[in-house]
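# Fold and geometry: a report
The residues making up each chain are set out below.
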Amino acid sequence: MSASAPALDHPSPAARARPASARSRVTQLGVLRSEWTKLYSLRSTRYSLLATLVMTIGFGIMASAINASRWPTMSAIDRAKFDPLATSLMGVTFGVLAIGVLGVLLITGEYSTGMIRSTMAAVPRRLPVLWGKAAVFGVVSAALAVPAAFIAFFTGQALLSGQHIEIAFSHPGVPGAILGAGASLVLVGLFAMGLGAILRNTAAGIASFAAIMFVVPPLLGILPARLADAIDPYLPSNAGQAMMEIGHHAHTLAPGAGAAVLAGYAAAVIGVAAVLLVRRDV
Amino acid sequence: MIEATHLTKRYGEKTAVDDLSFTVKPGIVTGFLGPNGSGKSTTMRLILGLDAPTGGQVTVAGKAYRDFPAPLHEVGVLLEARSVHTGRSAYHHLLALAQTHGIPRSRVNELISLVGLDEVARKRVGQFSLGMGQRLGIAAALLGDPEVLILDEPINGLDPEGIRWIRDLLRRLAAEGRTILLSSHLMSEMSLTADQLIIIGRGRLIRDVGLQAFVDEHSTNRVRVRAPDAGRLREVILGPEVRVSSDEPGVLVVEGLTAEQIGVAAAREGLILHELTPEKTSLEAAFMELTHDAAEYRAVIPAQDLPVATDRQERIAA
């Protein structure tokens, strides 16, 4: 930094000469632009998005390659259970972790650094910030996650085709399942963002996200089987899983229903976050 | 103009701001003064609507902050606690704030130059020194060219050059008719910058007074005189308006007479003087005395044992 004091000219004589009505003001569009700038200007965001891509595509390719090489020696039972679509989309489960962490960080990072005070002083109505963040994050993650799911599918099927065990893109329900895989990542990310906005603390946000997605599902086993079976399909993780399958089985939701349930969770936490955002002190 | 009326904020059991009423007038620098923990930062958060008051209200130009369609054009803020994401560059921080209002990029660059951050604008704020962080905060505050500026401890972490820069900038901004509220826990700084003082302690208003009035009130001119025959000198100079005290043998502390008057009186009587020194009670001492009872954290030394804080060399400015 230069040691000399900068010129003390008036910061902007022109701006002051204008009447207040001609000046700029807070708009939802402006807040969207601002949130976009915030998103891309952080290294941690870029890395988390990259991690989501790498995991979704990478683990799908890995699973497909392993299954293709194992196929000749695989037992008849394992062969009967083999699902080429699920195998190529297996990476989504790991992508969920990366995008969930990012969703939490998008909000809690503002609280931990104090940025939230600058943000809310600029937009004192507060809610446009939450809508802006959700919209920008939703669009950006969709723009990355949906193509990632398609890349994972096509690369995976190409690997599986060596053993003639692939599933065709034209097979009924396949395009929807791939789209559902990408969309589930988007909804999970928004769900995590809502959790972060409610908890306002990075550690608490990530811990509760991981608990809901990865710890609660196996814990259901301690409940009576009938109760567990009734709840199980409606867990966020399983609702997301249902989105990337063709049709549904005894204890899973149909893809559309899964999408509705997961979107409902995301909308609910963001709704709670919105109410709290207006009511609580920053 | 900022107006607080019966402003109160409680966090659970603790009352941070207690029935505080004051007016910050335009065109001058108002110093917001109080010991650490006295409620200055909380009051500023209340002004900005970051926290909701438990009671009372505060308005800027007659409006609640929240009701401004373009708050950055109305009020510029520098908060004491850093309010910047450390992973973002100074440029992107300012750009993100500007975009909420549709303020153009050119204005962002203009501000970066104004505060002298050109060379580091693309560096992550986490790598900034405290002084650079303060300059970034000033840039953010000036982004919307606001009529009202609220600056919490802007001098913190600045080098002498930076401190002078802030003083000049604030003077200039005030001269343009803007309303400036400046908090500090340092009286010495206020005496160089502020025109009006709002002094608080434990969330309560202690004084709302013009700086000059405060100076006049607290700079009782005292003269320290050392003379071998102090007793005789005392009799010679005593009068209805004159107070003489002594804290060590052979030394008198005289109030109500100038050094010249004492010198003339001594010469007339043929008395020898070894020392004749004008003393001024420092504003810092006056401020400490005023807020002593209200200071939340203080050493447990009883007040009467504290050394008398006078500074002979300090010349009170303004």
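Source: prediction; values computed, not measured.

Okay, the overall build of chain B next. On a plain count of helices and strands, chain B comes out with eleven helices and 13 strands. By the burial criterion, 44% of the 318 residues in chain B qualify as buried. Expressed as a percentage of contacts within chain B between residues at least 6 apart in sequence, the contacts between residues at least 24 apart total 70%.

Contacts between the two partners involve 40 residues from chain A and, on the opposite side, 52 residues from chain B. Only α1 (13-17), α2 (28-40), α3 (43-70), α6 (92-113) and α7 (115-122) of chain A provide two or more residues apiece to the side of chain A that touches chain B. Residues belonging to the side of chain A that touches chain B are distributed by class as follows: 17 nonpolar, 13 polar and ten charged.

We now examine the sheet that holds strand β9 (residues 204-210) of chain B. Two orientations exist for strands paired in a sheet by backbone hydrogen bonds: parallel and antiparallel. All names here are of chain B. With respect to topology, six strands assemble into an open sheet ordered β5-β6-β7-β3-β8-β9, the strand pairing being mixed. Edge positions in the open sheet fall to β5 (75-78) and β9, since each of these has one partner strand only. Geometrically, the sheet is characterised by an average inter-axis angle of 15° between neighbouring strands, direction not taken into account. When strand β3 (residues 29-33) meets strand β7 (residues 179-184), the two strands line up parallel, connected through five bridges. Opposite Phe32, over in β7, you have Ser183 as the bridge partner. Of the strands in this sheet, β3, β6 (148-152) and β7 touch helix α6 (residues 160-175), which is tilted by about 150° from β7.

Attention now moves to the nonpolar core. Formed by 150 residues in total, the largest nonpolar core has its most connected members in B:Leu94, B:Ile112, B:Ala139 and B:Leu143. If you tally residues by element for this core, the top one is helix α9 (residues 174-199) of chain A, at 16 residues. With residues up to four places along the chain from it excluded, the contact list for B:Leu143 reads B:Leu72, B:Leu94, B:Leu97, B:Ala98, B:Ile103, B:Arg107 and B:Leu111. Counting ten residues, the second-largest nonpolar core is a separate cluster that includes B:Leu233, B:Leu252, B:Ile262 and B:Ala266.

Turning next to the pairing of strand β11 (residues 243-248) of chain B. All names here are of chain B. The element β11 is largely exposed, with a buried count of zero among its six residues. As defined by bridge partners, β11 adjoins strand β12 (residues 251-255) across four bridges and the pair is classed as antiparallel. Note that in β12 the partner of Glu248 across the bridge is Val251. From the end of β11 to the start of β12, which pair antiparallel, there are two residues, and Gly250 there has a positive phi angle of about 80°.

Between its first and last C-alpha atoms helix α8 (residues 127-160) of chain A spans 48 Å; for 34 residues at 1.5 Å apiece the expected length is 50 Å, and the two agree. Its maximal kink placed at A:Ala142, α8(A) deviates by approximately 25°.

Moving on, we get to the packing of α9(A) against helix α13 (residues 255-279) of chain A. All names here are of chain A. Where α9 contacts α13, the two axes come as close as 8 Å, and the packing angle between them is 20°. Our classification of the angle between α9 and α13 gives roughly parallel. Here α9 runs over α13; the crossing is left-handed. For the pair α9 and α13, the contacting residues are Gly176, Ala177, Gly180, Ala183, Ser184, Leu187, Leu190, Phe191, Gly194, Leu195, Ala197 and Ile198 in the first and Pro255, Ala259, Leu262, Ala263, Tyr265, Ala266, Val269, Ile270, Val272, Ala273, Leu276 and Leu277 in the second. In terms of residue class, the contact of α9 with α13 is built from 20 nonpolar, four polar and no charged.

Let us look at the confidence of the model for chain B. All names here are of chain B. Confidence along chain B averages 86 in pLDDT terms, with 90% of residues attaining 70 or more. Element-level mean pLDDT values for chain B span from 76 in helix α11 (residues 283-291) up to 97 in helix α3 (residues 90-101). Contacts of residues 301-318 to residues separated by more than four positions or lying in other chains number 26 contacts, the stretch itself having pLDDT below 50.

Quick look at the sheet that holds strand β2 (residues 14-24) of chain B now. Residues and elements named next belong to chain B. With respect to topology, three strands assemble into an open sheet ordered β2-β1-β4, the strand pairing being antiparallel. The outermost strands of the open sheet, each flanked by one partner alone, are β2 and β4 (55-60). Direction aside, the axes of adjacent strands within the sheet are offset by 20° on average. In this structure, strand β1 (residues 2-11) lies alongside β2, joined through seven bridges in antiparallel fashion. Directly across from Leu7, in β2, lies its bridge partner Leu20.

As for its position among the elements, A:Leu235 is in the loop between α11 (225-231) and α12 (236-243). Take A:Leu235: there are 18 C-beta atoms within 10 Å of it, and that puts it in the partly exposed class.

Turning to the pairing of β9(B), a few remarks are in order. Residues and elements named next belong to chain B. The pairing of strand β8 (residues 196-201) with β9 spans six bridges and is classified as antiparallel. Bridge pairing links Leu197 to Val209 in β9. Linkage of β8 to β9, two consecutive antiparallel strands, is achieved through a turn of two residues, within which Arg202 is found at a positive phi near 50°.

On to unusual backbone geometry, then. One non-glycine residue, A:Arg126, adopts positive backbone phi at about 70°. Looking at where A:Arg126 falls in the secondary structure, it is placed in the loop between α7 and α8. On the basis of neighbour count, A:Arg126 is assigned to the partly exposed category, with 19 C-beta atoms found within 10 Å. Despite not being glycine, B:Asp145 shows a phi value in the positive range, around 50°. Relative to the elements of secondary structure, B:Asp145 occurs in the loop between α5 (130-142) and β6.

So, how was this worked out
- Residues numbered from 1 in each chain as written.
- Chains lettered and ligands numbered in written order.
- Predicted model: local features only at pLDDT ≥ 70, side-chain atom pairs only at ≥ 80, totals over all residues.
- Helix = DSSP H or I, 4+ residues; strand = E, 2+ residues; numbered from the N terminus.
- Buried ≥ 20, exposed ≤ 12 C-beta atoms within 10 Å, placed from the backbone.
- Contact = placed C-beta atoms within 7 Å.
- Nonpolar A, V, L, I, M, F, W, Y, C, P; charged D, E, K, R; others polar.
- Pairing = 2+ DSSP bridges.
- Axes fitted to C-alpha atoms, helices over the stretch in contact; angles between N-to-C directions.
- Core = buried A, V, L, I, M, F, W, Y, C linked by C-beta atoms within 7 Å.
- Expected span 1.5 Å × (residues − 1).
- Bend = angle between axes of the 7 residues up to and from the residue.
- Parallel < 35°, antiparallel > 145°, perpendicular 65-115°, else oblique.
- Left-handed = near helix turned anticlockwise from the far one by under 90°.
- pLDDT = per-residue confidence, 0-100.

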